[in-house]
Amino acid sequence: MNGSRIAAVGHYQPAKVLTNEELAGMVDTSDEWIRSRVGIRTRHIAGPDEPVDELAGHAAAKALAAAGLAPGDIDLVLVATSTAIDRSPNMAARVAARLGIPSPAAMDVNVVCAGFTHALATADHAVCAGAAARALVIGADKMSDVTDWGDRTTCVLVGDGAGAAVVEASEEAGIGPVLWGSVPEMGHAVRIEGQPARFAQEGQSVYRWATTQLPAIARRACERAGLVPEDLAGVVLHQANLRIIEPLAVKLGAVNAVVARDVAESGNTSAASIPLAFSKLVEQGRISSGDPVLLFGFGGNLSYAGQVVRCP
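Not measured: the values here are computed from a predicted model. (Residues numbered from 1 in each chain as written. Predicted model: local features only at pLDDT ≥ 70, side-chain atom pairs only at ≥ 80, totals over all residues. Heavy atoms only, no water.)

Here we come to the packing of helix 7 (residues 203-224) against helix 8 (residues 242-252). For any two helices packed against each other, one specifies the crossing angle of their axes together with the interaxial distance. Look at helix 7 against helix 8: their axes get within 9 Å of each other, and the N-to-C directions meet at 35°. In terms of crossing hand, the pair formed by helix 7 and helix 8 is right-handed. In this structure, helix 7 uses Tyr207, Ala210, Thr211, Leu214, Pro215, Ala218 and Arg219 to contact helix 8, whose residues at the interface are Arg243, Ile244, Pro247, Leu248, Lys251 and Leu252. The class makeup of the residues in the contact of helix 7 with helix 8 is nine nonpolar, one polar and three charged. (Axes fitted to C-alpha atoms, helices over the stretch in contact; angles between N-to-C directions. Helix = DSSP H or I, 4+ residues; strand = E, 2+ residues; numbered from the N terminus. Left-handed = near helix turned anticlockwise from the far one by under 90°. Contact = heavy atoms within 4.5 Å. Nonpolar A, V, L, I, M, F, W, Y, C, P; charged D, E, K, R; others polar.)

Shown next, in the form of C-alpha cells:
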C-alpha cells in the first residue's frame, strides 16, 4: 500500500434549529442584515446535555457504518476541536470510549477552523507510514458554548455540529499532499480566549486575508495533487461566510466544481464545517465516488490547510 483514501464519511447536527428571526428577538439584528452580510439563514444549536464528544460520536458512528467497519477496526482516532472544556481525557479518548474502540492512539488537534484538514493530513501521514491501519478523523465543535449571545457581530455566525471520515490504506493515493501553514503574527484576528472562553474576531482583517491571499494557496494545493482547478468536481472551503466562500471559489477558478454552501443552513461550525459540508454533498449525490474534491480549511491562528481528496 502506497497511499491512503477516505473510505466513508458521516455527519451529525443537533435537532434544535435557531433561525435568524429568533436571533432578532435576542439581539439587535434582522434576517435581512444577517443574510446580506454572511449568507446564513439557520444554524443548529446543541443543548446543555449534548457535549462535543457526543456530537463527534454520532458523526463517527455514521462514518463507520457507511464504511462497513466495526469499532475494533480503528487504531487511530483524531478529533479536531477548539471547544473542549476539559483538558483530560481529551475528546478523542472520549469518542473512542463512546464507540467502544479498543486501545487506539487518541489525539486532539486544535487548529480551530482548519483543524479537520490538519487532522486529515496527519491521518494520511500515519497510515502511509504504517503507523496506523485505519483512522477515524473527526471535526466537532460546540461553538454555542464559547459565544457571547449578546454580541450581534459573532452570535449570528455560529452553529454546532460534527463531521467524520474513515481513512484507510490504499494502493493509490486518494488523499493528496497537504499544503499547510499559518500567519502567526495575525493570530489575534480570530480568538477563543478568556475565562469564560469567548469567540471573537476582526472580521474585516479575516475577510481581506481570505479573499486576497488564500486563492493562490488553494491553487497550490491543487498543483500538489497534480491537478488544475478546472479538474475539480467539488470544492469544500471552510464554511465561514458566503461573502468569503463565493469570491474565493471564483478566484480559485474551479469552474466545473460543485461549491459547498452549507454555511447557509449550518452557520460557522469551526472544525466541523468541512467534514459536515463534504458529507452532505456525498449523501445528496452531488459528487460521485472517485471525483476529485478540494478540502480547504482556514481561520483561527490564521492557519490554513488544504488537500485534494477522492470522493468515497
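In this model, helix 7 (22 residues) spans 30 Å end to end at C-alpha, consistent with the 32 Å of a helix rising 1.5 Å per residue. Considering bend angle alone, the principal kink of helix 7 is centred on leucine 214 and spans about 45°; proline proline 215 follows within four residues of it. Taken residue by residue, helix 7 has Val206, Trp209, Ala210, Thr211, Leu214, Pro215, Ile217, Ala218, Ala221 and Cys222 as its buried positions. Where helix 7 is buried, its residues touch strand 8 (179-182), strand 9 (190-193), strand 10 (198-201), helix 8, strand 13 (292-299) and strand 14 (303-310). After helix 7 finishes, the residue glycine 226 shows a positive phi value of roughly 75°. (Expected span 1.5 Å × (residues − 1). Bend = angle between axes of the 7 residues up to and from the residue. Buried < 20%, exposed > 50% of the residue type's maximum accessible area, 1.4 Å probe, protein only.)

This paragraph deals with helix 2 (residues 31-38). Along helix 2, the residues classified as buried are Trp33, Ile34 and Val38. Down the axis, helix 2 shows its buried residues gathered within 95° of arc, on one side only. Residues of helix 2 that are buried in the fold lie against helix 1 (20-24), strand 3 (42-44), helix 6 (152-155) and helix 8. Phi turns positive, to about 80°, at glycine 39, one or two residues after helix 2. (Arc of directions from axis to C-beta.)

Taken in spatial order, the five strands of this open sheet run 1-7-6-4-5, and their pairing is mixed. If you trace the sheet from one side to the other, it starts and ends with strand 1 (3-12) and strand 5 (105-109), each paired once. Neighbouring strand axes in the sheet, compared pairwise and without regard to direction, differ in orientation by 20° on average. Summarising the sheet, strand 4 (residues 76-80) and strand 6 (residues 134-142) pair through five bridges and their orientation is parallel. Within strand 6, the residue paired with alanine 80 across the bridge is glycine 139. Sitting on the sheet, helix 3 (residues 52-67) is in contact with strand 1, strand 6 and strand 7 (160-170), with an inclination near 125° to strand 1. The sheet strands contacting helix 10 (residues 273-283) are strand 1, strand 6 and strand 7, and the helix crosses strand 1 at an angle near 90°. (Pairing = 2+ DSSP bridges.)

Considering all chains together, one arrives at one aromatic pair under this definition. Here phenylalanine 296 and phenylalanine 298 contribute two aromatic rings whose centre-to-centre distance is 6.3 Å and whose plane-to-plane angle is 40°, an arrangement assigned as tilted. Here phenylalanine 296 and phenylalanine 298 have matching classes, each one buried. Across the ring face of tryptophan 33, the terminal group of arginine 152 is positioned such that the distance to the ring centre comes to 4.5 Å. Sitting over the face of the ring of tyrosine 207, arginine 243 holds its NZ or CZ atom 5.0 Å from the ring centroid. (Phe/Tyr/Trp six-rings, centres within 6.5 Å; stacked < 30°, edge-to-face > 60°. Lys NZ or Arg CZ within 6 Å of the ring centre and 35° of its normal.)

Residues Trp209, Leu214, Leu232, Val235, Leu294, Phe296 and Phe298 are the most contacted members of the largest nonpolar core, which totals 47 residues. Listing elements by their share of this core, those giving two or more residues are helix 2, helix 7, strand 11 (234-237), helix 8, strand 13 and strand 14. Apart from the residues lying within four places of it in its own chain, the contact partners of phenylalanine 298 are Cys113, Ala114, Trp209, Ala210, Leu214, Leu237, His238, Ile244, Leu248, Ser303 and Tyr304. In this structure, Leu76, Ala271, Ile274 and Ala277 belong to the second largest nonpolar core, which totals 33 residues. (Core = buried A, V, L, I, M, F, W, Y, C linked by side-chain atoms within 4.5 Å.)

Another point: the side chain of glutamine 307. As for its position among the elements, glutamine 307 is in strand 14. Judged by its relative accessible area of 0%, glutamine 307 falls in the buried class. A distance of 3.2 Å separates a polar atom in the side chain of glutamine 307 from the backbone oxygen of threonine 117. (Polar contact = N/O pair within 3.5 Å; in protein donor to acceptor, adjacent residues only side chain to side chain.)

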